[in-house]
Amino acid sequence: MDLTQGTLEEKTGRAKKMMLYFGIASLIMSFAGWTSAFIVSSSRPDWLQDFTMPQPFWISIIIMIVSSLTFMAAKKALLNGKKGLTTAMLIATFLLGLFFVYNQFRGFNQIIDLGYNFTGPTSNITVTYIYLIAVVHIVHVVVGLIPVLVVLVNHLRGKYSAENIVGFELALTFWHFVDLLWIYLFFFLYFFLN
């Protein structure tokens, strides 16, 4: 396909998608760097062995998967002209994102209850990596909640239709990325800590 072909709207949509993919690729490289540093650091003598991931982190996997499903259901409802269902699924996605963030902080509280803080005399390099990786992911979820909210507002204003869903699809793609990223990060941490 010749990328210079098509209407201005089609070319703009392709350009926006390409920029999003480049952004996602750079985020993947960042997290690959942090997980690589985690692996290298695991040979340190003060590295924790058999650290159990907090239960809220497990629950967070389910929350992110369900939120991706609600976002996909919102797109399907939009394509079928079901405005009310689209709105409900977008609100559900947003609320699940907030619940994910809340759940992450519950997990941090459980780590603190075990006696490990992010820094200071009660910190440990292993737990510091867990905090760092999880907090940076939380930031990306919060960043992902902004387009979900923008999509919801634009949907309520009637901006989207079956023919005009580029912004909707961009937000959906990024949301799927943060979902898959959390699944990867959780199981990476889980298997390297046990």
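See the structure above.
Residues numbered from 1 in each chain as written. Predicted model: local features only at pLDDT ≥ 70, side-chain atom pairs only at ≥ 80, totals over all residues. Heavy atoms only, no water.

Caption draft 1: Quick look at the overall build of the protein. For the protein, the helix and strand inventory stands at five helices and zero strands. When the helices and strands of the protein are read in sequence order from the N terminus, they spell out α-α-α-α-α. Taken across its 194 residues, the protein has 41% of its residues classed as buried. Residue pairs in contact within the protein that sit at least 24 positions apart in sequence constitute 81% of those at least 6 positions apart. Total accessible area on the protein is roughly 10300 Å²; 68% of this is exposed by carbon and sulfur atoms. Of the charged side chains in the protein, 12 are positive and 9 negative; the average position of the first set lies 9 Å away from that of the second. (Helix = DSSP H or I, 4+ residues; strand = E, 2+ residues; numbered from the N terminus. Buried < 20%, exposed > 50% of the residue type's maximum accessible area, 1.4 Å probe, protein only. Contact = heavy atoms within 4.5 Å. Areas by Shrake-Rupley, 256 points an atom, 1.4 Å probe, with all protein chains shown as cover. Lys, Arg positive; Asp, Glu negative; His and termini not counted. Charge placed at Lys NZ, Arg CZ, Asp CG, Glu CD.)

Caption draft 2: Expanded view of the nonpolar core. One finds Phe-168 and Trp-182 to be the most contacted residues of the largest nonpolar core, which totals 52 residues. At the level of elements, helix 1 (8-41), helix 2 (55-79), helix 3 (83-113), helix 4 (125-156) and helix 5 (166-193) are the ones that each hand at least two residues to this core. Element by element, the count of residues in this core is highest for helix 5, at 15 residues. When neighbours within four sequence positions are excluded, Trp-182 is seen to be in contact with Phe-57, Ser-60, Ile-61, Met-64, Phe-100, Gln-104, Ala-134 and His-137. (Core = buried A, V, L, I, M, F, W, Y, C linked by side-chain atoms within 4.5 Å.)

Caption draft 3: Fine view of the packing of helix 3 against helix 4. Where helix 3 meets helix 4, the closest approach of the two axes is 10 Å, and the angle between their N-to-C directions is 165 degrees. If you check the angle between helix 3 and helix 4, you find them roughly antiparallel. As helix 3 runs across helix 4, the sense of the crossing is left-handed. For the contact of helix 3 with helix 4, the residue count by class is 24 nonpolar, seven polar and one charged. (Axes fitted to C-alpha atoms, helices over the stretch in contact; angles between N-to-C directions. Parallel < 35°, antiparallel > 145°, perpendicular 65-115°, else oblique. Left-handed = near helix turned anticlockwise from the far one by under 90°. Nonpolar A, V, L, I, M, F, W, Y, C, P; charged D, E, K, R; others polar.)

Caption draft 4: The arrangement of the packing of helix 2 against helix 3 in detail. Between helix 2 and helix 3, the shortest axis-to-axis distance is 8 Å and the interhelical angle comes to 170 degrees. As far as their axial angle goes, helix 3 and helix 2 are roughly antiparallel.

Function cannot be inferred from these measures alone, as they are strictly geometric.
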